[in-house]
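Read off the chains here:
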Amino acid sequence: MRVGFLHSLIRKDEKLLISELRRHSDIELVLLNDRTLVFDFHARPDVDVVLERSINHSRAMHALRLYEGVGTVCVNTYEVARRCGDKILTAASLRETGVPQPDVRVAFTPESALVAIEEMGYPVVLKPAVGSWGRLLSRINDRDAAETVLEHKSILGSYHHSIFFVQKYVRKGGRDIRAFVVGDECIAAIYRTSEHWITNTARGGRATNCPVTPAIADMSLRAAAAVGGGVLAVDLFETADGLLVNEVNYTMEFRNSIEVTGVNIPERVVSHVIEAARA
Amino acid sequence: MSECPVCGGEVEISADPVEGELLECAECGVELEILGLDPLTLGEAPDAEEDWGE
């Protein structure tokens, strides 16, 4: 079996996946560097399946579309990348499938965004629709801050930053849950704990094992199904009313979660890729 | 071992290096990328872009 490995840079996560792929004597690894690829809309890559691990969302999404367009099986799919890479599309998918999430609003001008924020009540979190690792998140506690951030985003940012995605701030008690879904199973979960309101491990959040309860498994699988399924990391908030789905990540990072959970995540991912190629 | 292109310090290379692999120079802390394997060539890793992430 020939497995195409779509990537930009090789981080520890990609290195672990490559090591796992190389452990299989019947797999031939084909490295597909998105910095050197050229697509002509006709040629099909000589691989049985593509495992997407690009660090750039826009490259990943378009490459997946083009690969699928010539009949190549991809993990994850283009549609999953499209829905997960844009928080507005994720929120729409969750809403349309009845998966609980924090209260959200979308607005296209600073003025309408301010109306939305005032209606929701403070604090809220303003997020770029496309972005990751907790970057450019703004917790807005009052009208002064709202006016300032909205003005800065509309004047200093590219047009993407004038699509305002507003989420009601959830008091999460210093931690959230990241649940790892592979196919139809929630294989592991971690708590991400921080004194900062942003708990991403990329921003210093500490990873510890989180037992996968039936509620966590159920909610993460529902969220995964809402965006199309595959290999996904689902971020959950614990609230008095139950779990809420914050985000779903389609090029999930797991390097800090193998040791603490005791689950060989790259092995599970590669097994899923092999199954997808054979299906 | 290979030489850091920024500070000239020694950079440890894994036993199975991959083109595009990220490394950190233990001496100056710069993030490096393996640009080529034969011969092994290091360069500064690109800066994070707006749509980078997971």
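Caption draft 1: A look at the packing of helix 2 (residues 57–69) of chain A against helix 3 (residues 78–85) of chain A. Residue and element names in this part refer to chain A. Orientation of helix 2 relative to helix 3, taken along the N-to-C sense of each, is 155°, at an axis distance of 8 Å. Between helix 2 and helix 3, the angle falls in the class roughly antiparallel. The two elements helix 2 and helix 3 meet at a crossing, and its hand is left-handed. Side by side, helix 2 and helix 3 meet where His57, Ala60, Met61, Leu64, Arg65 and Glu68 of the first sit next to Tyr78, Ala81, Arg82 and Gly85 of the second. Broken down by class, the residue content of the contact of helix 2 with helix 3 amounts to five nonpolar, two polar and three charged.

Caption draft 2: Examining the pairing of strand 2 (residues 28–33) of chain A more closely. All names here are of chain A. As paired strands, strand 1 (residues 2–7) and strand 2 are joined by six bridges and run parallel to one another. Its bridge partner being in strand 2, Phe5 is matched across the sheet by Leu31. Regarding topology, helix 1 (residues 12–22) serves as the crossover connection from strand 1 to the parallel strand 2, and that connection is right-handed.

Caption draft 3: Just helix 1 of chain A, in detail. All names here are of chain A. Listed as buried for helix 1 are Asp13, Glu14, Leu17, Ile18 and Leu21. Take helix 1 and look down its axis: the buried residues cluster within an arc of 130°, on one side only. Along its buried surface, helix 1 packs onto strand 1, strand 2, strand 3 (49–53) and helix 9 (265–278).

Caption draft 4: Spatial organisation of the environment of Arg44 of chain A. Residues and elements named next belong to chain A. Within the secondary structure layout, Arg44 lies in the loop between strand 2 and strand 3. In this structure, the C-alpha to C-alpha distance between Arg44 and Tyr67, residues 23 residues apart in sequence, is 7.2 Å. Leaving out residues up to four positions away in the same chain, Arg44 has contacts with Val70, Gly71 and Thr72.

Caption draft 5: Fine view of the sheet that holds strand 10 (residues 185–193) of chain A. Residue and element names in this part refer to chain A. Spatial strand order, 11-10-9-12-13: five strands in an open sheet with antiparallel pairing. The two strands at the open ends of the sheet, each matched to only one other strand, are strand 11 (206–209) and strand 13 (242–249). Across this sheet, the average inter-strand angle for adjacent strands is 30°, counted without regard to direction. With six bridges joining them, strand 9 (residues 175–182) and strand 12 (residues 231–239) adopt antiparallel strand pairing. Its bridge partner lying in strand 12, Arg178 is registered against Asp235. Sheet contacts for helix 9: strand 9, strand 10 and strand 12; angle to strand 9, the most-contacted strand, approximately 40°.

Caption draft 6: Broad picture of the domain arrangement of chain A. All names here are of chain A. You can read the domains of chain A as domain 1 (2–84), domain 2 (104–168) and domain 3 (171–262). Look at where the C-alpha atoms of domain 2 and domain 3 centre, and you get two points 24 Å apart. Facing four residues of domain 2, the contacting portion of domain 3 comprises five residues. Partitioned by chemical class, the residues of the side of domain 2 that touches domain 3 number two nonpolar, one polar and one charged.

The rules behind these values
Residues numbered from 1 in each chain as written. Chains lettered and ligands numbered in written order. Predicted model: local features only at pLDDT ≥ 70, side-chain atom pairs only at ≥ 80, totals over all residues. Axes fitted to C-alpha atoms, helices over the stretch in contact; angles between N-to-C directions. Helix = DSSP H or I, 4+ residues; strand = E, 2+ residues; numbered from the N terminus. Parallel < 35°, antiparallel > 145°, perpendicular 65-115°, else oblique. Left-handed = near helix turned anticlockwise from the far one by under 90°. Contact = placed C-beta atoms within 7 Å. Nonpolar A, V, L, I, M, F, W, Y, C, P; charged D, E, K, R; others polar. Pairing = 2+ DSSP bridges. Right-handed = clockwise from strand over helix to strand, strands pointing away. Buried ≥ 20, exposed ≤ 12 C-beta atoms within 10 Å, placed from the backbone. Arc of directions from axis to C-beta. Domains from an automatic or database assignment.

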